[in-house]
Protein chains: 2
Amino acid sequence: MSETEIPDIVIRRLPLYARELGLLAGEGRDFISSQELGQRLGVTPAQIRKDLSYFGRFGKRGRGYEVVGLRERLRTILGLNGRVKEMVLVGVGRLGRAVLGYAGFRRGGFEVVRVFDSDPNQIGRMIDNHHVADVATLPQYLQSSRVAMGIVAVPAEAAPSVIEMLVSGGVRAILSYAPITTSVPSGVHLRQIDPVMELESMAYYLEAPFDGYVEDPQ
Amino acid sequence: MSETEIPDIVIRRLPLYARELGLLAGEGRDFISSQELGQRLGVTPAQIRKDLSYFGRFGKRGRGYEVVGLRERLRTILGLNGRVKEMVLVGVGRLGRAVLGYAGFRRGGFEVVRVFDSDPNQIGRMIDNHHVADVATLPQYLQSSRVAMGIVAVPAEAAPSVIEMLVSGGVRAILSYAPITTSVPSGVHLRQIDPVMELESMAYYLEAPFDGYVEDPQ
């Protein structure tokens, strides 16, 4: 089964399943049903079963999923059981510093190996044991290092050119905190962290219920 | 049409459409087809048409969507054309400070009106013109203020109790940066920002293609 046959939305749920199975393992659970797992995650058991069916058969009839085994399989499928994934970070403003200081990346097996900025006041400084390099040297660095993941923590106006540099340099997985929409070539994956959009979508639920069709229905 | 009839996934895409329409308006565009909008956003035109059909008919045959008008309608549907949405922020560590310093919230019509922390070294301090209050006073504050949105920027272990306090205090929209899974009562909306999970799901694409079924197929 090639990656193109598995919907991206399914791939995106696998880390959620893996994390919850990790918590269950910590609670000493050996097996869990799709019903209970679904309840804990707020998704339907049918969705869990369908998502997992892309990768094989995991459940044991009457017992459910084997917690540790399924978690390991999911992490292997995701490529997370290998060595640490190296990332470059572009942007060491307040957000970039929060990224550098977040222990969750390293715990998750991701490590920032080099940081870049365009601000002359930042270039050359040490931040959290990282030497801040000039973003102008990013293409050269990527060519020699072959780092495949990057984090973009620059202002919106700078983001498109930074993303272009990363893509040109062979980075195939980009996490962007910039509130812009941009397209990347097929084979490159871009995920955006956009807290304002999350708030906007929740604002809908704070308003009085929408009263339905107000223009010409057809 | 009640909110329960419109899938949440549709609501979550409306801010994306609104933002892109805002960019198009800035470029001086009057109309745009679902084809072009889809291309810019990396979604299918059919999905855009279907999403919008929940709220009425917007396209003009042969001309497409009226850019400014549709954007305004979407923002009205989302409840974003009213006054500023007030939020509490819990946690003023490195991440909470990045949240406080992020101008995008205010630009988007969201404003942190009160910040809380449990750390005695933070309580009482001024950070970005915000007085840091003791999280123990959060329930009392919520009762008197009726703020409906909250941002959680505390460590994972503290997050469940903070989320519970917010929910008990009437907060109905919560943005959480804590890497935990937790359920909230129906009527309360919780969105999680979890960069590690985003990275994990992209790691899949960096590995050699998965070779398909390795357990008993059925």
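All of these numbers come straight from a predicted model, not from anything done at the bench.

### A word on the interface of chain B and chain A
Working step 1: Contact residues are listed per partner, giving 75 residues for chain B and 76 residues for chain A.
Working step 2: Counting across the interface, chain B meets chain A through ten salt bridges.
Working step 3: The closest approach of N and O atoms between Glu200 of chain B and Arg75 of chain A, which form a salt bridge, is 3.8 Å.
Working step 4: In this structure, the connection of chain B to chain A is made through 16 residue pairs in polar contact (both at pLDDT 80 or more).
Working step 5: Broken down by element, the side of chain B that touches chain A gets its largest block of residues, twelve residues, from helix H9 (residues 195-206) of chain B.

### Some remarks on the environment of Val113 of chain A
Residues and elements named next belong to chain A.
Working step 1: Mapped onto the elements, Val113 comes out in strand S4 (residues 110-117).
Working step 2: Between the alpha carbons of Val113 and Leu89 there is a distance of 8.0 Å; along the sequence they are 24 residues apart.
Working step 3: Among residues more than four places away in sequence, those in contact with Val113 are Glu86, Met87, His130, Tyr141 and Val147.

### With respect to the packing of helix H1 (residues 8-26) of chain A against H9 of chain B
Working step 1: Two elements in contact, H1 of chain A and H9 of chain B, have axes whose closest approach is 9 Å; the angle formed by their N-to-C orientations is 125°. As judged from the angle between their axes, H1 of chain A and H9 of chain B are oblique. Taken as a pair, H1 of chain A and H9 of chain B cross one another with a handedness that is right-handed. On the side of H1 of chain A, the interface is formed by Asp8, Ile11, Arg12, Pro15, Leu16 and Arg19 of chain A, while H9 of chain B contributes Met197, Glu198, Glu200, Ser201, Tyr204 and Tyr205 of chain B.
Working step 2: Residues belonging to the contact of H1 of chain A with H9 of chain B are distributed by class as follows: six nonpolar, one polar and five charged.

### Describing the side chain of Ser34 of chain B
Residue and element names in this part refer to chain B.
Working step 1: When you line up the elements, Ser34 lands in helix H2 (residues 34-41).
Working step 2: Among the polar contacts listed, one links the side chain of Ser34 to the side chain of Arg49, at a separation of 2.9 Å.
Working step 3: Excluding its chain neighbours within four sequence positions, the residues that come into contact with Ser34 are Pro45, Ile48, Arg49 and Tyr65.

### A closer look at the relation of the copies chain B and chain A
Working step 1: Of the transformation placing chain B onto chain A, the axial shift is 0.0 Å and the rotation is 180°, giving an RMSD of 0.0 Å. Expressed as an axis order, the relation between the two copies is that of a two-fold axis.
Working step 2: In this assembly, 100% of the residues forming the interface of chain B have copies in chain A that are likewise at the interface, indicating an isologous arrangement.

### Description of the sheet that holds strand S8 (residues 173-176) of chain B
Residues and elements named next belong to chain B.
Working step 1: Across the sheet, seven strands lie side by side as S5-S6-S4-S3-S7-S8-S9; this open sheet has mixed pairing. Strand pairing shows two members of the sheet lacking a second neighbour, strand S5 (126-127) and strand S9 (189-192), which therefore form its edges.
Working step 2: The sheet contact formed by strand S7 (residues 149-152) and S8 spans four bridges and is parallel. Following the sheet pairing, Met149 is matched in S8 by Ala173.
Working step 3: Along the sheet, helix H5 (residues 94-101) contacts strand S3 (85-90), strand S4 (110-117), S5, strand S6 (130-134) and S7; its crossing angle with S3, the most-contacted strand, is approximately 160°.

### Points about the sheet that holds S4 of chain A
Residue and element names in this part refer to chain A.
Working step 1: The sheet built from seven strands is open, its strands ordered S5-S6-S4-S3-S7-S8-S9 with mixed pairing. One side of each edge strand has no neighbouring strand; the edge strands of this open sheet are strand S5 (126-127) and strand S9 (189-192).
Working step 2: Two elements, strand S3 (residues 85-90) and strand S7 (residues 149-152), share four bridges in a ladder whose sense is parallel. Counted as the bridge partner of Leu89 is Ile151 from S7.

### Looking at unusual backbone geometry
Residue and element names in this part refer to chain B.
Working step 1: Of note, the phi angle at Asp128 is positive, near 50°, even though the residue is not glycine.
Working step 2: If you trace the backbone, Asp128 turns up in the loop between S5 and S6.
Working step 3: Residue classification places Asp128 among the partly exposed residues on the basis of a relative accessible area of 35%.
Working step 4: Here the phi dihedral of Asn129 falls at roughly 70°; this positive angle occurs in a residue that is not glycine.
Working step 5: One can find Asn129 in the loop between S5 and S6.

### Description of helix H4 (residues 67-77) of chain A
Working step 1: Burial in H4 of chain A covers these residues: Val67, Leu70, Arg73, Leu74, Arg75 and Ile77 of chain A.
Working step 2: Backbone geometry just downstream of H4 of chain A places Gly79 of chain A in the positive-phi region, at approximately 80°.

### Observations regarding the domain arrangement of chain A
Working step 1: Here the domain parsing of chain A yields domain 1 (3-76) and domain 2 (85-198).
Working step 2: Relative placement of domain 1 of chain A and domain 2 of chain A: their C-alpha centres are 31 Å apart.

### Points about the pattern of salt bridges
Working step 1: Inspection of the entire model under this criterion finds 26 salt bridges over all chains.
Working step 2: With a shortest N-O distance of 3.6 Å, Arg191 of chain A and Glu198 of chain B are connected by a salt bridge. Placement of the pair is Arg191 of chain A in strand S9 and Glu198 of chain B in helix H9, with the two residues belonging to separate chains.
Working step 3: Residue class for Arg191 of chain A comes out buried when judged on its relative accessible area of 3%.
Working step 4: Through salt bridges with shared partners, a single network forms among Asp8, Arg12 and Arg191 of chain A together with Glu198 of chain B.

### A word on the packing of aromatic side chains
Residues and elements named next belong to chain B.
Working step 1: Scanning all chains against the criterion turns up eight aromatic pairs over all chains.
Working step 2: Ring geometry for Tyr102 and Phe105: centres 5.3 Å apart, planes at 85°, overall edge-to-face.
Working step 3: By relative accessible area, which is 4% here, Phe105 ends up buried.

Scoring rules and cut-offs
- Residues numbered from 1 in each chain as written.
- Chains lettered and ligands numbered in written order.
- Predicted model: local features only at pLDDT ≥ 70, side-chain atom pairs only at ≥ 80, totals over all residues.
- Heavy atoms only, no water.
- Contact = heavy atoms within 4.5 Å.
- Salt bridge = Lys/Arg side-chain N within 4 Å of Asp/Glu carboxyl O.
- Polar contact = N/O pair within 3.5 Å; in protein donor to acceptor, adjacent residues only side chain to side chain.
- Helix = DSSP H or I, 4+ residues; strand = E, 2+ residues; numbered from the N terminus.
- Axes fitted to C-alpha atoms, helices over the stretch in contact; angles between N-to-C directions.
- Parallel < 35°, antiparallel > 145°, perpendicular 65-115°, else oblique.
- Left-handed = near helix turned anticlockwise from the far one by under 90°.
- Nonpolar A, V, L, I, M, F, W, Y, C, P; charged D, E, K, R; others polar.
- Least-squares fit on C-alpha atoms with pLDDT ≥ 70 in both.
- Pairing = 2+ DSSP bridges.
- Buried < 20%, exposed > 50% of the residue type's maximum accessible area, 1.4 Å probe, protein only.
- Domains from an automatic or database assignment.
- Phe/Tyr/Trp six-rings, centres within 6.5 Å; stacked < 30°, edge-to-face > 60°.

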